[in-house]
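Observations on chain architecture
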Amino acid sequence: MSAPSAFPASSVPSAPPAGVPRRDPRPRVTELRLSAFARHRGAAFPVGQVTLLAGPSGSGKSAVLAAYEALARLGGGAPLAEVFPDPGALVPQRARPDAQRRRGFRIGCTADGAEGPVRLDVAVQAEPELRVVGERLTAGGLVLLETALRDPGRRAVQAAWHTAGSAPVTRAPLPDDRLGTALLPLRVAGKTDGQRQVLAAAEQMVVALRSVFPCDPRPEDMRGPVLTGSGRLLRGCDNLADVLWRTRAECGRRHGLLVDAVRTGCAGPVTDLLAEPLGDGTVRALLDRGDGHRTELARLGDGELRYLALALVLFTGPGVLEVDAPGEVPDAMRGLTVLADGFDRCLDPRQRAELLRTAVLMGERGHIRFVGAVSDASWADGAGAITVVHLDV
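So, here's what we can say about the structure. If you're wondering where the values come from, they're calculated on a predicted model, not measured in any experiment. (Residues numbered from 1 in each chain as written. Predicted model: local features only at pLDDT ≥ 70, side-chain atom pairs only at ≥ 80, totals over all residues. Heavy atoms only, no water.)

To continue, consider the nonpolar core. Leu-32, Phe-37, Phe-84 and Leu-137 are the most contacted members of the largest nonpolar core, which has 60 residues in total. For this core, the element with the highest residue contribution is helix α1 (residues 61-75), accounting for nine residues. Once residues within four sequence positions are removed from consideration, Phe-84 is found in contact with Phe-37, Ala-70, Leu-74, Leu-90, Phe-105, Ile-107 and Leu-130. Residues Val-270, Tyr-307, Val-313 and Ile-368 belong to the second largest nonpolar core, which totals 57 residues. (Core = buried A, V, L, I, M, F, W, Y, C linked by side-chain atoms within 4.5 Å. Buried < 20%, exposed > 50% of the residue type's maximum accessible area, 1.4 Å probe, protein only. Helix = DSSP H or I, 4+ residues; strand = E, 2+ residues; numbered from the N terminus. Contact = heavy atoms within 4.5 Å.)

Here is the structure:
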């Protein structure tokens, strides 16, 4: 069973009145709860500005990241069937079905922000059919939204949300294949103080969950030319050359920082990182060696390619990554969270240390939050304000 321990990360400071503790108003996930999910039962994991999940193979690091990504997609309004294509694999192995042969899993999180800590917990039935069977949104000990499956024959859950008007709660059915919290802005009028409290808490949770970018660069798909397209980086980073073609022209300062990072993590001299169109609708990426020679990405090792891709992710933002950014939210109130499974895979000590340093730096500037899975985090000592969560088999 997992045994989390943590060293709290620093947060980006705001400007509160004198004598009032600092609070970052930007919505952000501060805890993940896997009450019953894959190999985890009753587990809670703190999430800081930069978080490393450390543990051997089989300790459940990937499951934690999968739960985070699932909550993010549900917060963006995705249906259960898209989020959980194989739900039976997420049910704890020794979970016994009830009298109706039902089995499922439970996940949740806490999002902090201007409204204070807001908790979301979701129960999902995986068998015999996929559906939400319960959801609870709470803040300050007050239940703001609660849903329950009352009639298994109906494709709906009965929802009750805080009103504090002529009636203490409002009851109505909600679909059983989507997260109710994400639907509240369409159902709650906001006429009473209670309703406005519900809407504010739901918005904080949804904004905290969206703008999540799961990233696992695949070197085997990054070496050849790629078609020019949207210029938005995919989770496997196989279209890295197309993204470089865009970002090099759009932001010279960040491109310069990226080149400095690549110079640290790639063998040999590096004076620039280029994207070159080939005239057939494709583009390829190259390292400029500064002496008239250029090196195609096809010649780089797996570690160099993973390092280059992760550095690009850390120096860019939601407009460049393939993420579900909340367009209705001002940029100053948005966050971007990068999830990196196997973060240190193929990386040498210099490369992983430089990437972690970059993640901490960008986190301190308020640009990014980072959650990475590693087999061992002892090398991360002294990297700055990070949260380390140790998982045991």
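Okay, back to it.
Glancing now at the side chain of Thr-337. By the element assignment, Thr-337 lies in strand β15 (residues 337-340). Leave out the neighbours within four places in its chain, and Thr-337 touches Tyr-68, Ser-211, Val-212, Phe-213, Arg-369 and Val-371.

Scanning the entire structure with this criterion turns up zero disulfides. Cysteine Cys-266 is unpaired, with the sulfur of Cys-346 as its nearest cysteine sulfur at 13 Å. (Disulfide = S-S within 2.5 Å.)

Looking now at unusual backbone geometry. In this chain, Glu-127 is followed by Pro-128 through a cis amide linkage whose omega measures 5°. Its identity as a non-glycine residue notwithstanding, Arg-101 has a phi of 65°, on the positive side. With respect to the secondary-structure elements, Arg-101 resides in the loop between α2 (80-83) and β4 (103-112). A positive phi angle, close to 60°, is found at Cys-237, a residue other than glycine. With a relative accessible area of 0%, Cys-237 lands in the buried category.

A word on the packing of aromatic side chains. Summed over the entire model, instances satisfying the criterion amount to four aromatic pairs. Their ring planes at 80° and their centres at 5.5 Å tell us that Phe-37 and Phe-105 sit as a pair that is edge-to-face. Within this pair, whereas Phe-37 is found in strand β1 (residues 28-37), its partner Phe-105 is found in strand β4, the two being separated by 68 residues in sequence. In terms of burial, Phe-37 and Phe-105 fall into one category: buried. Ring geometry for Phe-84 versus Phe-105: centroids 5.0 Å apart, planes at 65°, classification edge-to-face. Separated by 21 residues along the polypeptide, Phe-84 in the loop between α2 and β4 and Phe-105 in strand β4 bring together distant segments of the chain. Considered together, Phe-84 and Phe-105 belong to a single accessibility category, that of buried residues. Within the aromatic cluster, the residues linked to one another by ring pairs are Phe-37, Phe-84 and Phe-105. (Phe/Tyr/Trp six-rings, centres within 6.5 Å; stacked < 30°, edge-to-face > 60°.)

Among the seven residues in strand β13 (residues 282-288), six count as buried, and that is most of the element. Across six bridges, the pairing between strand β12 (residues 272-277) and β13 is antiparallel. Looking at β13, one finds that Pro-277 is bridged to Val-283. Two successive antiparallel strands, β12 and β13, enclose a turn made up of four residues, where Gly-279 displays a positive phi of approximately 85°. Where β13 and strand β14 (residues 294-296) come together, three bridges link them in antiparallel fashion. Directly across from Asp-288, in β14, lies its bridge partner Arg-294. Once β13 ends, the chain turns through five residues before running back antiparallel as β14, passing Gly-290 with a positive phi of about 85°. (Pairing = 2+ DSSP bridges.)

The strands making up a sheet are joined through hydrogen bonds of the backbone, oriented either antiparallel or parallel. Taking strand neighbours across the sheet as the criterion, the five strands line up as β10-β15-β16-β3-β17 in an open arrangement whose pairing is parallel. Each edge of the open sheet carries a strand with a single partner, namely β10 (212-214) and β17 (387-390). Sheet twist, expressed as the average angle between the axes of neighbouring strands with direction ignored, equals 15°. Bridge analysis of strand β3 (residues 50-54) against strand β16 (residues 369-374) gives five bridges, and the strand direction is parallel. Paired with Val-50 across the bridge in β16 is Phe-370. (Axes fitted to C-alpha atoms, helices over the stretch in contact; angles between N-to-C directions.)

Relative to strand β7 (residues 142-148), strand β6 (residues 131-139) runs antiparallel, the two sharing six bridges. Among the inter-strand pairings, Gly-134 is bridged to a residue of β7, identified as Ala-148. From the end of β6 to the start of β7, which pair antiparallel, there are two residues, and Gly-140 there has a positive phi angle of about 60°. Examined bridge by bridge, β7 and strand β8 (residues 156-162) share four bridges and lie antiparallel to one another.

In this section: the pattern of salt bridges. Considering all chains together, one arrives at 27 salt bridges under this definition. Between Arg-28 and Asp-112 there is a salt bridge, and its shortest N-O distance comes to 3.9 Å. Note that Arg-28 is positioned in strand β1 and Asp-112 in strand β4, a separation of 84 residues in sequence. By relative accessible area, Arg-28 is classed as buried at 11%. Glu-146 is the partner of Arg-136 in a salt bridge, and the nearest nitrogen-oxygen pair spans 2.3 Å. Of this pair, Arg-136 sits in strand β6 while Glu-146 sits in strand β7, and the two are 10 residues apart along the sequence. By relative accessible area, which is 39% here, Arg-136 ends up partly exposed. Where salt bridges share partners, they join Glu-31, Arg-33, Arg-119 and Asp-121 into one cluster. (Salt bridge = Lys/Arg side-chain N within 4 Å of Asp/Glu carboxyl O.)

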